[in-house]
Structures are given as structure tokens and as C-alpha cells.
Amino acid sequence: MTPSPAPHSPAAQLQELGRQLATDPSNLDLAQQRARLLAETGRHEEAKQAYFEILAVDPAHRAALNGLGELFLAMGHRSAAQTAFAEAVKHHPDDPVSHAKLASVLSGQGEAAAAREHYETALRLDPDSRVAHEGLVYILSDLGEKEAADEHRRLAFSRNPISVFGFHGKGEPIPLLVLVAGDGGDIPFHQLIDFRVFLITTLAIEFLEPGAPLPPHALIFNSIGDADLSRVSLEAAARVLAETPSPVINPPEIVLATGRDANAERLGLLPGVVTPKIATLSRDLLAGADAAANLAGLGFAFPLLLRSPGFHAGRHFVQVENREALAAALPSLPGPQLTVLQFLDVRNSDGKIRKYRVMMIGGKLYPLHAAVSHDWKVHYFSADMVDSPEHRAEDQAFLENMPEVLGEKAMEALQAVQAELGLDYAGIDFSLGKDGEVILFEANATMTIVRPPQGEMWDYRRQPVRTILDAIRELFFRRAKFGQR
């Protein structure tokens, strides 16, 4: 005999909604509740069908359109999510929630101008929309409008720095506290944590009142990953967590040591690791008439690389060939300080650049991708991968046999980098030198794990990515269960 579900459990609620719908099949509010519960419990295909059935009756049903959009996001279908949210906005132009949800997807798709417009519309309709304030922090930070970004961050978190997410599993959840800065330097935790195991509470740690207790938790995940951008938040987190014996993934005091300048200095001392010379300098020094002489005095020569601190994925990052190019580049780069990097030419004999990313999870190394490009600024899905079966074959070989592709010297260097960083979750971007050494571009906690897009050509990437995500989830579960600090 099949046991009855526990009272008030999602399964019991679904049973009760099913009984009510059997007697009142035209009740779309009940149907919406059922679709939402199906989505929250991971029954995605059933939820999708349930939402479609609602929209077949009422194509403008606001909750169903937004729920379907959220479901598509959970399934990795961002374009479909955008379509659903756009329909919600079209039918409900005065709904701030629909505007904010559409803006979030647009922002993730790189459509910053359109996202900003919808976030600002959401705030005109609801000045207290936390989602809109948070979204504008990222967009305005990207545009270099730091003061405006800081104000939206204050409005988002100062009144209530705590958010609780829905639990999608069965039985008792494990309470997980996630520390955030909310300034663009956070690790995107949604894809890493199993909502069917953990009840997630986020805390903007910088806005916690002095002496206030931490929300209930069995484990703390410090998702604040950028030591250059989020130093104040990391320092606040380190002070607060010094008073708790709870296990912590990526302790903030360890993340604090992973700024670009500091990493280049300490990791460059490791055997088999080559790092570029790096210095973060004032804009005024770089804009002055003596800029070239000042750079030469610090050991830099043209060509060199220039970037605004705190940005990732190649944003505000340029190569400059000479003094004139430096002067021309400065107006496009936000911030009072800029990071100068020695340009290391890592082209192979075929003229191509190969950039590898390896994730470091719980003391183990996992290959994530090998990107091949003719451009010095290499990012996986903008590299020469889609149109080149040969490049994808290289990527596949790396994923299937990393030690053979990299060689013993590089593997030992990567293990040394992992030990030196001391992070539970981190990644490293690098190329290989002519003698098999690791030429390090970046190593820190901000590395993201992008799921492969739809399409048969990317099938070879799916299992390696699943392996990394499984390792992360096992790490979280183990730390929560055994309480390792």
C-alpha cells in the first residue's frame, strides 16, 4: 500500500489541488497553484503542460505567463523565458513584477539598454521593487555609474538584507545561508545549489545590523567572490564569521587574498606557473603626459593590456599598442583606477590561442572547457568554436583526458595553484607555454559554469558540466552534514 504524503507537503498539496480541480476544472487560480507546485518540485514537463493549459484558456494570465517564464529559466531556455515575460508585459504593462522579470532575462542576454528601461519602469510602478534595484546595480556598475549603482544597492538591501528562497524538495530541508555583496562580484549560486536539498537564505552581509544574529543555518556559503570589487563586503563577512563556528564554503578571509595583483605575485612564484606583471594605477597617472615613461619605470612595455577592476567576461578590457592607443582607450574604461597587465603572447605555431578553464572544487580539478581563437581576448562561446569541428574536437579531447592534453608539468602546477588559493570553489583560466608551463590569466572564485546550449554539437560537453555540478552539490551536502569548518 502506498503511504499517504505528509500533511502540508508539496505532494499533499498537489493531491488536494487535484481534488479541487476535479470538481472545479475551470478555476484557473487553482490550476496556477498546481502548475507552480509542479515546477517547484522539479516536475518540469508536467508544469509546462499545466501552464500551457491555463494559457490556452486565458492567453493573458499574468501569473501563468510569469510562472512559465521562471520555469523556462530553470530548464535553461532563456529565449523562451524572455518570450513569456514579454507577453506578460504586453498584456499587463502596469505590472512591476513582469517588467522586472523581463529585465532580468534581458540583462542576462546582454541587452543592457532594454533591461535598464524595464527595471526603471518597474521602479516607477513600485519604488520598493528590490529585484529592480538589484538589477540596476549590475547594469549601472557595468556603465561605470558607481554612485548611482551604490544608491540602488543601498535601496535594495538596507531595509532588509535578508531574502528566503522556496524549498523544492521533500522532507526536512537543510538550512543554508548564502552571503552576497550585491555589487556584481557574487558567484551565481542559483545553478550551484540544489533547491531540493537546501532551504536558502541570502544575506547582504554589509547591511547586517551590528550585533544582529545570523539567520538559521547549518552551512554558510560565501558567494562574494571578487576581492577587487567587493573588498568592503568581504571584510564585513570576515568580521561576522569570526564569531561563528559554523562550516563555511569559501571563507571570506581566504577570498580577500585573491585580488588580481596579489594573485599574480604569489602564484607566479609557484613552479611551472607564469603570471603577467600587473599593477593597478590611478587614471590620472595613465592620462598624464609622462604615462609612457611612468609605465616603463614600472617595467611595462607596449603592447599591454588595460582593464577596469571588478569586471569579468572581457568587459572593459582592451589591448593598447602604444601611447596614442592608451590615450584613446582611457575614456571608454570606467573607474578612478585601472589595472595594467603585461601582454603575454601565447599564440601557438598555427597562430591560434588556446585558453583552458579548470574548476577547483573541494580539492579536486575538473576540466570545463578549452577555447580556441585567433583573438587575444578569448571567451568560450565567443571564440571560434561554433563554426569549427576541429576546435570542438580539441575541446572534447581536453574534457575527456585533461592530464594527457596538458601534460605532467601543467597538472602539477594546477595542483599547486589550487593548494595556494585554498578555496573550496574556484577556477583558473590559463594557456600552456612552450615548455608546458601554465601561463595564468586569472584564478579566483568568480569563475562561472555555463551550461552547454541546445544542439547536438554540444552534447559532448553535457556530462563534464554535470560532473562539476555534481561535485559542487556533493561538497555542499558533505560540509552541511559533517560540519567541517
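In the block above lies the structure referred to throughout.
Computed from a predicted model, the values in this text were never measured in an experiment.

Cut-off values and rules
- Residues numbered from 1 in each chain as written.
- Predicted model: local features only at pLDDT ≥ 70, side-chain atom pairs only at ≥ 80, totals over all residues.
- Heavy atoms only, no water.
- Core = buried A, V, L, I, M, F, W, Y, C linked by side-chain atoms within 4.5 Å.
- Buried < 20%, exposed > 50% of the residue type's maximum accessible area, 1.4 Å probe, protein only.
- Helix = DSSP H or I, 4+ residues; strand = E, 2+ residues; numbered from the N terminus.
- Contact = heavy atoms within 4.5 Å.
- Pairing = 2+ DSSP bridges.
- Axes fitted to C-alpha atoms, helices over the stretch in contact; angles between N-to-C directions.
- Expected span 1.5 Å × (residues − 1).
- Arc of directions from axis to C-beta.
- Salt bridge = Lys/Arg side-chain N within 4 Å of Asp/Glu carboxyl O.

(A) Main features of the nonpolar core. Of all hydrophobic cores here, the largest spans 78 residues; its most connected members are I193, V417, I428 and I449. Examining the composition of this core, we find that 9 residues originate from one element, helix 19 (residues 459–482), more than from any other. Among all residues touching I449, those that are not within four sequence positions of it are Q191, L192, M359, L368, Y425, V465, I468, L469 and I472.

(B) Local environment of the sheet that holds strand 3 (residues 198–204). With mixed pairing, the 5 strands of this open sheet are ordered in space as 1-3-2-4-5. The sheet is open, and its two borders are formed by strand 1 (162–164) and strand 5 (248–249), each paired with just one other strand. Here strand 1 pairs with strand 3 via 3 bridges, running antiparallel. Opposite S163, over in strand 3, you have T202 as the bridge partner.

(C) Expanded view of the environment of P210. Residue placement: P210 occurs in the loop between strand 3 and strand 4 (219–222). Taking the C-alpha atoms as reference points, P210 and V240, separated by 30 residues in sequence, lie 9.0 Å from one another.

(D) Geometry of the sheet that holds strand 6 (residues 273–274). In space, the 5 strands of this open sheet follow the order 6-14-13-11-12, with mixed pairing throughout. At either margin of the open sheet sits one strand with a lone partner, and together these are strand 6 and strand 12 (364–373). In this structure, strand 6 lies alongside strand 14 (residues 438–444), joined through 2 bridges in parallel fashion. Bridge pairing links V273 to V438 in strand 14. Of the strands in this sheet, strand 6 and strand 14 touch helix 12 (residues 260–267), which is tilted by about 140 degrees from strand 14. Where helix 19 meets the sheet, its contacts fall on strand 11 (353–361), strand 12 and strand 13 (425–432), and the angle it forms with strand 12 comes to roughly 145 degrees.

(E) Expanded view of the side chain of R357. If you trace the backbone, R357 turns up in strand 11. Apart from residues lying up to four places away in sequence, R357 is in contact with Y366, P367, L368, H369, F398, I428, D429, M447 and T448.

(F) Broad picture of helix 16 (residues 389–400). Taking 1.5 Å per residue as the helical rise, helix 16 with its 12 residues ought to reach 16 Å, and the 16 Å between its terminal C-alpha atoms agrees with that figure. Of the positions making up helix 16, those classed as buried are H391, R392, D395, F398 and L399. Down the axis of helix 16, the buried side of the element spans an arc of 115 degrees, and every buried residue falls inside it. In helix 16, the exposed residues that point more than 90 degrees away from the buried face are E390 and E400. Elements that come into contact with the buried residues of helix 16 comprise strand 11, strand 12, helix 17 (402–406) and helix 19.

(G) Spatial organisation of helix 6 (residues 96–108). The end-to-end C-alpha separation of helix 6 is 19 Å, in line with the 18 Å expected for 13 residues at 1.5 Å each. Considered for burial, the residues of helix 6 that qualify are P96, S98, H99, A100, L102, A103, V105 and L106. For helix 6, the elements touching its buried residues are helix 4 (62–74), helix 5 (78–91), helix 7 (112–125) and helix 8 (130–142). Among the residues trailing helix 6, G110 stands out with phi positive, at a value near 85 degrees.

(H) Quick look at the pattern of salt bridges. Applying the stated criterion across every chain yields a total of 26 salt bridges. With a closest N to O distance of 2.9 Å, D459 and R462 form a salt bridge. Residue D459 and its partner R462 are located together in helix 19, separated by 3 residues, close to a single helical turn. Under the relative-accessibility criterion, D459 is labelled partly exposed at 41%.

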